[in-house]
Amino acid sequence: MTIATALNPQRMRGNVLSPEQIAFYHAQGYLHIPGMFAPAETAELSDHLNWLIETWAMKDAGWTGPWRKKYMDAETEKKSKLIALHDLQYYSDAWARAVTNRKLAGAMADLLDGGPVELHHSTLHVKPPETGHPFPMHQDWAFYKHADGRYVDVLVHLDDTRHENGEIRFLAGSHKHGALEHVVKDEDGKGCTPHLPTDKYRLEDTVAVPAKAGDVVVFNIFTIHGSHVNVTDQMRRLVRVGYKHPDNAQTEGQSKGRPSWMVWGRRERGEGQVQFPMA
Ligand SMILES: O=C(O)CCC(=O)C(=O)O
């Protein structure tokens, strides 16, 4: 498997990001970009998100697996919920604008070999108040496997995050190891949500990246990450948006097989390549 992380001169000419920001992403596997969305845009996205949560999102126990007993006491584990929805751009015009936002797409081009860039998916992650869902250490690669590292996940922040509401946390530099085998079965051999072994990968070893509403925190598809439970009395609302280089083929998982939208540049036509089917 290719791990596309090395710097080349093309990557140093940023559309949106500075050379220092681009170099930080390639060294650490993540990057905090403050103020990606202006306050008025963030307010509109927040308003649409609240409507989506009430109207379309599902609330359930969230990710499964033996990790739950390690991350939560029995009481919290019983109550802990996750509010989720895929592909917000199908339901809201504000979110359709957000996932194709020019500045965000330009930043993605900076991190993906200069582009072109495809939108792969978006996913809502809301940690409800008091017992809101922690996330065990994992790579997003385990959910949507791709051939190489030219894939960036973006966490759009709708609320300020901090330790108490479960800010995102990364194992710095971990993307350089490429894809890792994840636990995909529980003690009884039943399928569970992919995660890394809790004895080897610990939230205590991660770097916390608190951020403000309107900021984005981005990370590589191989970067190991997780987050603590939300113990505050407010929701913690994040939307993850996945962007990739068109030449980085998906091999398995979420959203495989559907065409991705171009958000930066043009799709090169390969020898014999045909158009996308109409149905
Ligand atoms: O919402 C969080 O705290 C974690 C998000 C996450 O792990 C992911 O988007 O892959």
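Along every chain, residues carry numbers that run from 1 in the direction the sequence is written. Only residues with pLDDT of 70 or above have their local features reported here, since the model is predicted, and side-chain atom pairs are shown and tallied only from 80 upward, although totals for entire chains, interfaces and linings are computed over all residues. Just so you know, side-chain values use all the structure's heavy atoms and leave hydrogens and water out.

Caption draft 1: Highlighting the site of the ligand. As a structural note, the neighbourhood of the ligand is formed by His125, Lys127, Phe135, His138, Asp140, Leu155, Ile168, His225, Ser227, Arg236, Leu238 and Arg240. Under the rule applied, a polar contact is a pair of N or O atoms within 3.5 Å (in protein, one hydrogen donor and one hydrogen acceptor; residues adjacent in sequence only if both atoms are side-chain atoms). Residue His138 places a side-chain N or O atom 3.1 Å away from an oxygen atom belonging to the ligand. Here Arg236 contributes a side-chain N or O atom positioned 2.7 Å from an oxygen atom of the ligand. Protein contacts shield 100% of the accessible area of the ligand, which totals 300 Å² for the unbound molecule. Under a 2 Å grid-point criterion requiring more than half of the atoms, the pocket assigned to the ligand is the largest cavity. Elements are defined by DSSP. Helices are runs of H or I of four residues or more, strands are runs of E of two residues or more, and each kind is numbered from the N terminus. For the shell around the ligand, the elements supplying multiple residues, two or more each, are strand S4 (117-127), strand S5 (135-138), strand S13 (225-227) and strand S14 (236-244). With three residues, S14 is the single largest residue contributor to the shell around the ligand. Residues are grouped as follows: nonpolar covers Ala, Val, Leu, Ile, Met, Phe, Trp, Tyr, Cys and Pro; charged covers Asp, Glu, Lys and Arg; every other residue, Gly included, is treated as polar. The residue inventory of the shell around the ligand, partitioned by class, reads four nonpolar, four polar and four charged. The nearness test applies per residue and asks whether one of its heavy atoms lies within 4 Å of the molecule or strand. Per-residue accessibility takes into account occlusion by the displayed protein chains alone, with areas from the Shrake-Rupley method and a 1.4 Å probe. Here a cavity means grid points, on a 1 Å grid over the protein atoms only, where a 1.4 Å probe fits yet cannot get out; a pocket means an open set of points with protein on both sides within 12 Å along at least five of seven lines; lining residues are those with an atom within 4 Å of a point. Occupancy of a cavity or pocket is assigned to a molecule whenever over half of its atoms lie within 2 Å of that pocket's grid points.

Caption draft 2: View of the layout of surface pockets. Taken as a whole, the largest pocket spans an internal volume of roughly 470 Å³. In terms of lining, the largest pocket is formed by 24 residues, of which the most central are Glu118, Pro246, Arg267, Gln273 and Phe276. Classifying every residue of the lining of the largest pocket by side-chain character gives six nonpolar, nine polar and nine charged. Its volume calculated, the second largest pocket comes out at about 290 Å³. Along its surface, the second largest pocket is lined by 17 residues, and Trp63, Leu82, Ala84, His86 and His125 are the ones closest to its centre. Taken together, the elements giving at least two residues each to the lining of the second largest pocket come down to strand S2 (58-60), strand S3 (82-86), S4 and strand S10 (191-195). Classifying every residue of the lining of the second largest pocket by side-chain character gives seven nonpolar, seven polar and three charged. Grid points are joined across faces, edges and corners, and a volume is the space filled by probe spheres set on the points.

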